[in-house]
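Each chain, written out:
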Amino acid sequence: MGESAFEELYGFLPVPEGQLGSSIFLLVVYGFVLLQGANLLSDGSEMLLEVFPPGIIGGILLPILGALPDCLIIVVSGMGPVEEAKEQVKVGLGTLAGSTVMLLTIAWGGSVLLGRCDLEK
């Protein structure tokens, strides 16, 4: 046969040679991991709502569990040399703040549009 087009770049995962192949592979793996995590979080939150009152779960626990992965990513990105860590944490916090503002804006705008009603009847 010929030479293999795959190279063990990370030690145990066969990755296509070249920057584009490696990037696409990592994007697919990252997307799959995020999808599985979202499904597990959704299933777990439904199970928690069956056991505990919705006020505690929906108001306190689920927002904490939703923010925990973002916080861990920022903490892990801050480990390393001080100057590089500062820059990475700035980028991480900016991304987290931007995504939070965007999600709140979408939720608020959606609730205003979908929850509107006539006050005078």
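Looking at an unreviewed UniProt entry, one finds the protein named Sodium/calcium exchanger membrane region domain-containing protein and attributed to Ostreobium quekettii. In its Subcellular location (unreviewed entry) section, the UniProt record describing the protein reads: "Endomembrane system".

### Considering the overall build of the protein
Secondary structure assignment for the protein yields 3 helices and 2 strands. Along the protein, helices and strands appear, N-terminal first, in the series β-β-α-α-α. Within the span of the protein, comprising 121 residues, buried residues form 7% of the whole. Summed over all atoms, the accessible surface of the protein reaches about 10,100 Å², with 72% contributed by carbon and sulfur.

### Details of the pattern of salt bridges
Under the criterion given, the structure shown has 1 salt bridge. The partner of Lys-86 in a salt bridge is Glu-83, and the shortest N-O contact between them spans 4.0 Å. Here Lys-86 pairs with Glu-83, and both are found in helix α3 (residues 82–114), just 3 residues apart, close to one helical turn.

### Points about the UniProt feature "transmembrane region" (unreviewed entry) in the protein
Under the local residue numbering, the UniProt record ascribes the feature "transmembrane region" (unreviewed entry) to residues 20–42, 54–76 and 96–115. The span residues 54–76 shows a helical share of 100% and a strand share of 0%, and its end C-alpha atoms are spaced 32 Å apart. Secondary structure across residues 96–115 comprises 95% helix and 0% strand; the distance between its end C-alpha atoms is 28 Å.

### Focus: the packing of helix α2 (residues 54–77) against α3
Closest axis-to-axis distance for the α2/α3 pair is 8 Å, and the angle between their directions is 165°. In terms of axis orientation, α2 runs roughly antiparallel to α3. Classified by chirality, the crossing of α3 by α2 is right-handed. Counted together, Asp-70, Ile-74 and Ser-77 of α2 and Ala-85, Gln-88, Val-89, Gly-92, Leu-93 and Leu-96 of α3 form the full contact between these two elements. Of the residues assigned to the contact of α2 with α3, the class counts are 5 nonpolar, 3 polar and 1 charged.

### Observations regarding α2
Its 24 residues place the ends of α2 34 Å apart at the C-alpha level, agreeing with the 34 Å of an ideal helix rising 1.5 Å per residue. Leu-61 marks where α2 bends most, by close to 35°; the proline Pro-63 follows one to four residues later.

Scoring rules and cut-offs
Residues numbered from 1 in each chain as written. Predicted model: local features only at pLDDT ≥ 70, side-chain atom pairs only at ≥ 80, totals over all residues. Heavy atoms only, no water. UniProt positions renumbered as here; feature names shortened; annotations may be inferred. Helix = DSSP H or I, 4+ residues; strand = E, 2+ residues; numbered from the N terminus. Buried < 20%, exposed > 50% of the residue type's maximum accessible area, 1.4 Å probe, protein only. Areas by Shrake-Rupley, 256 points an atom, 1.4 Å probe, with all protein chains shown as cover. Salt bridge = Lys/Arg side-chain N within 4 Å of Asp/Glu carboxyl O. Axes fitted to C-alpha atoms, helices over the stretch in contact; angles between N-to-C directions. Parallel < 35°, antiparallel > 145°, perpendicular 65-115°, else oblique. Left-handed = near helix turned anticlockwise from the far one by under 90°. Contact = heavy atoms within 4.5 Å. Nonpolar A, V, L, I, M, F, W, Y, C, P; charged D, E, K, R; others polar. Expected span 1.5 Å × (residues − 1). Bend = angle between axes of the 7 residues up to and from the residue.

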